[in-house]
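Okay, here's what each chain looks like letter by letter:
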Amino acid sequence: MDVFTLALYIVAAAGLVYSAARDKTKTKKALRIAWKSFSNILPDFSVVLALVGIMLTFLTPGMISTVLGRASGIWGMLLASVVGSITLIPGFVAFPLAKSLLDYGAGVPQIAVFISTLMMVGFVTAPMEIKFFNRRETIIRNGLSFAFSFLVAAVMGMVIR
Amino acid sequence: MKQVLRTYRYFLALMAFDLVVLALYPQAGVTVFRKTASNFLQMLSVLPPIFILLGLLEVWVPREAIIRFVGEGSGLVGIVLSLFLGAAAAGPLYGAFPVAATMLRKGAKFSNVMVLLYSWSTLKLPMFLFETSALGAQFSVTRMLINIPGVIVMAWLTSRLIPYAEQEAIYQKHLLTTTT
């Protein structure tokens with residue numbers, strides 16, 4: 001567990017203790033709300049997690065590196081953006097993967113677009129996002145994020161050699 | 001029981017698919033289940049404190065306070081607070097959805113909720129040191145410097161592009177599902 005998750009636990013525990021000391025009924029209500037909102041989204045979560053499990057099995061880091069390592073220019077970026085949008089990889093996997101891709105000879109713009117779409121564009125989470133917001137919000141947010149990832153990549157390609 | 005099966009039907013369908021993979025390609029099948037299990041463990045390690053904090057926020061923080069800090073007319077303070085709240089968050093984008101729902105229910109301004117969503121997805125302070133050690137300071141700092149204005153501009157644009165009536169409908173959706 002990383003430091004930030006640990007900090008989150010400490011803050012939550014402290015809040016809970018403080019809350020219970022001040023008002024038991026309110027604290028119980030808070031926990032009931034916490035549990036209810038968690039169990040409300042668990043069905044959607046479990047689908048996302050199962051999909052990611054399948055993706056990580058068939059789209060291995062090695063496979064991504066062979067495809068992107070050889071690719072270059074705008075096609076490499078397009079490919080990187082598609083892979084980045086579809087997959088959902090936790091940051092602590094994505095950054096070392098990006099590093100190994102760079103070592104394999106991929107360019108900075110490809111990697112930047114990959115990292116950016118990976119974090120911002122969520123293909124598998126889109127149904128969830130539609131439920132929480134609506135279709136238009138989901139299309140606009142993901143679309144803008146997709147386009148923005150190319151801007152980020154272009155700037156980074158210019159700034160970093 | 002029938003209700004549970006119905007609620008989890010997509011998940012169960014995926015599990016059935018995984019079992020078919022396991023039967024046909026045992027090696028890949030084992031990997032699928034191992035990856036899925038580790039995804040669940042990762043989620044279960046990050047989410048409980050987020051939901052507990054959301055529950056506490058729901059009962060202790062009055063609507064007026066949220067409106068004052070990130071609501072209509074909160075101006076620059078609201079933008080900066082939403083930006084930090086999103087950037088400080090651990091965990092992937094889907095963790096932001098319930099947080100955004102609570103913010104909407106408590107009367108946060110729509111564009112500020114968008115700032116939270118964009119900043120949660122890409123600013124990632126908890127990942128910053130990790131990103132720096134993997135890809136170098138030049139990479140991570142440049143990315144952050146483009147992302148901060150990018151997040152604010154995209155959030156503004158998104159809330160401008162969504163008609164007011166639809167924004168209202170989104171607020172209503174979360175007000176109706178008030179958890180009591």
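Source: prediction; values computed, not measured.

On to the packing of helix 2 (residues 24-58) of chain A against helix 3 (residues 26-60) of chain B, then. How two helices sit against one another is set out by the angle between their axes and by the gap between those axes. Relative to each other, helix 2 of chain A and helix 3 of chain B sit at 155°, their axes nearing to 7 Å. As far as their axial angle goes, helix 3 of chain B and helix 2 of chain A are roughly antiparallel. At the point where helix 2 of chain A passes helix 3 of chain B, the crossing takes the right-handed sense. Grouping the constituent residues of the contact of helix 2 of chain A with helix 3 of chain B by class yields 25 nonpolar, eight polar and four charged.

This part covers the environment of G122(A). With respect to the helices and strands, G122(A) occurs in the loop between helix 6 (108-120) and helix 7 (126-132). Excluding its chain neighbours within four sequence positions, the residues that come into contact with G122(A) are S85(A), R141(A) and N142(A).

Glancing now at the environment of V124(A). Residue and element names in this part refer to chain A. When you line up the elements, V124 lands in the loop between helix 6 and helix 7. We classify V124 as buried; its relative accessible area is 10%. Separated by 38 residues in sequence, V124 and I86 place their C-alpha atoms 6.8 Å apart. If sequence neighbours within four positions are ignored, V124 has contacts with V48, L51, M55, I86 and L88.

Below, the discussion takes up helix 5 (residues 75-88) of chain B. All names here are of chain B. In this model, helix 5 (14 residues) spans 20 Å end to end at C-alpha, consistent with the 20 Å of a helix rising 1.5 Å per residue. Along helix 5, the positions that sit buried rather than exposed are G78, S82, L83, G86 and A87. The buried side chains of helix 5 occupy one side of the element, clustering within an arc of 155° when seen end-on. Residues of helix 5 that are exposed and point more than 90 degrees away from the buried face comprise L76 and F84. Looking at the buried side of helix 5, the elements it contacts are helix 4 (63-70), helix 7 (110-122), helix 8 (125-135) and helix 9 (137-161).

A word on the confidence of the model for chain A. With 90% of its residues at a pLDDT of 70 or more, chain A shows a mean pLDDT of 85. Put simply, helix 3 (residues 61-70) of chain A is where chain A has its lowest mean pLDDT, 66, and helix 8 (residues 135-159) of chain A is where it has its highest, 94.

With that settled, the discussion passes to the interface of chain B and chain A. Each partner contributes residues to the interface: chain B has 73 residues there, and chain A has 71 residues. Summed over both sides, the interface of chain B with chain A buries roughly 6,800 Å², with 80% coming from carbon and sulfur. Contact with chain A buries surface across chain B, with W60(B), Y94(B) and F97(B) losing the most and accounting together for 10% of the total. Summed over the shared surface of chain B and chain A, the number is one salt bridge. Where chain B meets chain A, there are nine residue pairs in polar contact (both at pLDDT 80 or more). Breaking the side of chain B that touches chain A down by element, the ones donating at least two residues are helix 2 (9-24), helix 3, helix 6 (96-105), helix 7, helix 8, helix 9 and helix 10 (164-176) of chain B. Residue contributions to the side of chain B that touches chain A peak at 24 residues, all from helix 3 of chain B.

As a further point, take the domain arrangement of chain B. One can read the domain layout of chain B as domain 1 (1-47) and domain 2 (61-176). Relative to domain 2 of chain B, the C-alpha centre of domain 1 of chain B lies at a distance of 31 Å.

Moving on: the packing of helix 6 of chain A against helix 9 of chain B. With their axes 13 Å apart at the nearest point, helix 6 of chain A and helix 9 of chain B run at an angle of 50° to one another. Comparing their axes, helix 9 of chain B and helix 6 of chain A come out oblique. For helix 6 of chain A against helix 9 of chain B, the interelement crossing comes out right-handed. Every residue of helix 9 of chain B that contacts helix 6 of chain A at V108(A), I111(A), A112(A), I115(A), M119(A) and M120(A) is listed here: F139(B), R143(B) and M154(B). Partitioning the contact of helix 6 of chain A with helix 9 of chain B into residue classes produces eight nonpolar, no polar and one charged.

Each value, and the rule that gives it
- Residues numbered from 1 in each chain as written.
- Chains lettered and ligands numbered in written order.
- Predicted model: local features only at pLDDT ≥ 70, side-chain atom pairs only at ≥ 80, totals over all residues.
- Heavy atoms only, no water.
- Axes fitted to C-alpha atoms, helices over the stretch in contact; angles between N-to-C directions.
- Helix = DSSP H or I, 4+ residues; strand = E, 2+ residues; numbered from the N terminus.
- Parallel < 35°, antiparallel > 145°, perpendicular 65-115°, else oblique.
- Left-handed = near helix turned anticlockwise from the far one by under 90°.
- Nonpolar A, V, L, I, M, F, W, Y, C, P; charged D, E, K, R; others polar.
- Contact = heavy atoms within 4.5 Å.
- Buried < 20%, exposed > 50% of the residue type's maximum accessible area, 1.4 Å probe, protein only.
- Expected span 1.5 Å × (residues − 1).
- Arc of directions from axis to C-beta.
- pLDDT = per-residue confidence, 0-100.
- Buried area = accessible area lost by both parts, 1.4 Å probe.
- Salt bridge = Lys/Arg side-chain N within 4 Å of Asp/Glu carboxyl O.
- Polar contact = N/O pair within 3.5 Å; in protein donor to acceptor, adjacent residues only side chain to side chain.
- Domains from an automatic or database assignment.

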